[in-house]
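Secondary and tertiary structure notes
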Amino acid sequence: MSSLGIGTEPTWESLCAGRSGIGEITHFDASAFASRIAGEVKDFDPLQFVDRKDVKKMDVFIQYAIAASEFALCDAGLKASQPLGPEVGVFIASGIGGFSTIEREHQSLLRGGPRKISPFFIPSAIINLAAGQVSIRFGARGPNSATCTACSASAHAIGDAFEIVRRGTAEAMIAGGSEAAITPLGVGGFAAMRALSTRNDEPQRASRPFDRDRDGFIIGEGAGVVVLEELERARRRGASIYAELVGYGMSADAFHVTAPAEDGDGAVRVMSAALEQAAVAPEQVDYINAHGTSTPYNDRLETLAIKRCLGARASTVAISSTKSMTGHLLGAAGGLEAGITALAVREQLAPPTINLENADPACDLDYVPNESRPLSIGYALSNSFGFGGTNASLLLKRYEDT
């Protein structure tokens, strides 16, 4: 779920067509802000997923998480099995959590004092309540947790859920992330850092990863949730399997609060760790869904890291930044992009990096510019890097029903 659509099919269709979901901000009056564009989820009706009496108890990021989880469970053929029981757990991340609720309740405090603060404030805003509400909604009584590792958060959630299934603590996990930070404080905070694009007159052309004329990222919102399941259990159920998750890497830059290390060291090590866990050689990688934020530092240094990790193979690997179409979903980015990578593996098609018109000379790899491409994909990496130098990489393998 993103600015490209609600649900898997409209999202994938838009990605394949190279359509941007970026537009002018409508969630609030952004006329005074330096950046006035974002990747907003459109036409979302929480009442399709949440009872009316519960909507006011949940920040939007929780509502997105429930909706995305319902889509994932239906696709996996598990929703009819509610309650899911102790064999199924939930691991859903967010980088920021309930910003809109925090801002609203702060205004209530200023206007009317402490008695005007809603009793639903805390459970509506805190990050782990996305996982908690999904667990309650679907009766998933297995492991329940949340990560808050900035823009790596939902990739870490999927990776940690993968490890839970591998060690047998759960047979399946609902995993991913959700974010709804297109708010005055969210946009204003990133704008104050000069991290956002100010190409306000051309919103659909503003997110341009690896392009010489990029000027910052576009904030997005939404949720990306997948169901991870032990393979033989999924086969016995006759589940629709998109891909196998076979490797997970974590690393830290230990360098700077917001900037990656100049030699790309953390990104090199995190991709290498995912490959090593699966005993997959660099020359076996066919596709990378890049972190690709459309910021000067990230795109250049991710390119360098891919070259260092894959060596001679780097120049022949298809790489795309789907943030060029969705914007940057912050803590939900890794979940959405892991799902996109699984679809790319299943469909044997690489979505494009749109708006790549004049490549940065330092970004000289194959970024699948502007048009999707049929591609034989055996193994694919999905990268996520976050503030504080926290990195995650997921390695997916084409599933073959033997």
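To keep things clear, this report deals only with the structure shown in the data block. (Residues numbered from 1 in each chain as written. Predicted model: local features only at pLDDT ≥ 70, side-chain atom pairs only at ≥ 80, totals over all residues. Heavy atoms only, no water.)

What follows covers the overall build of the chain. A tally of helices and strands in the chain yields 13 helices and 13 strands. The globule rule puts the C-alpha radius of gyration for 402 residues at 21 Å, and the 20 Å found for the chain is close to it. When the backbone C-alpha atoms are referred to their principal axes, the chain occupies close to 65 × 55 × 40 Å. A burial count over the chain gives 60% of its 402 residues as buried. Within the chain, counting contacts between residues at least 6 apart in sequence, those at least 24 apart form 77% of the total. About 15,800 Å² of surface is accessible on the chain, with carbon and sulfur atoms providing 52% of the total. (Helix = DSSP H or I, 4+ residues; strand = E, 2+ residues; numbered from the N terminus. Rg over C-alpha atoms; globule rule 2.2 N^0.38 Å. Buried < 20%, exposed > 50% of the residue type's maximum accessible area, 1.4 Å probe, protein only. Contact = heavy atoms within 4.5 Å. Areas by Shrake-Rupley, 256 points an atom, 1.4 Å probe, with all protein chains shown as cover.)

This part takes up the nonpolar core. General note: in soluble globular proteins, nonpolar side chains tend to be found buried as a group. By size, the foremost hydrophobic cluster in this structure holds 44 residues, and its most contacted members are I158, L228 and L394. When neighbours within four sequence positions are excluded, L228 is seen to be in contact with I158, A161, F162, V165, E171, A172, M173, A175 and L245. Membership of the second largest hydrophobic core comes to 32 residues, among which are M1, F44, F49 and F61. (Core = buried A, V, L, I, M, F, W, Y, C linked by side-chain atoms within 4.5 Å.)

For the rest of this paragraph, the subject is the packing of aromatic side chains. Enumeration according to the criterion identifies seven aromatic pairs in this entry. Between F44 and Y64, the ring centres sit 5.0 Å apart and the planes meet at 80°, which makes this aromatic pair edge-to-face. Highlighted residues: F44 in the loop between β2 (37-38) and α2 (52-55) and Y64 in helix α3 (residues 60-76), separated in sequence by 20 residues. Note on Y64: relative accessible area 3%, which makes it buried. Consider the rings of F190 and F387, whose centres lie 6.4 Å apart with planes at 55°: the pair is tilted. (Phe/Tyr/Trp six-rings, centres within 6.5 Å; stacked < 30°, edge-to-face > 60°.)

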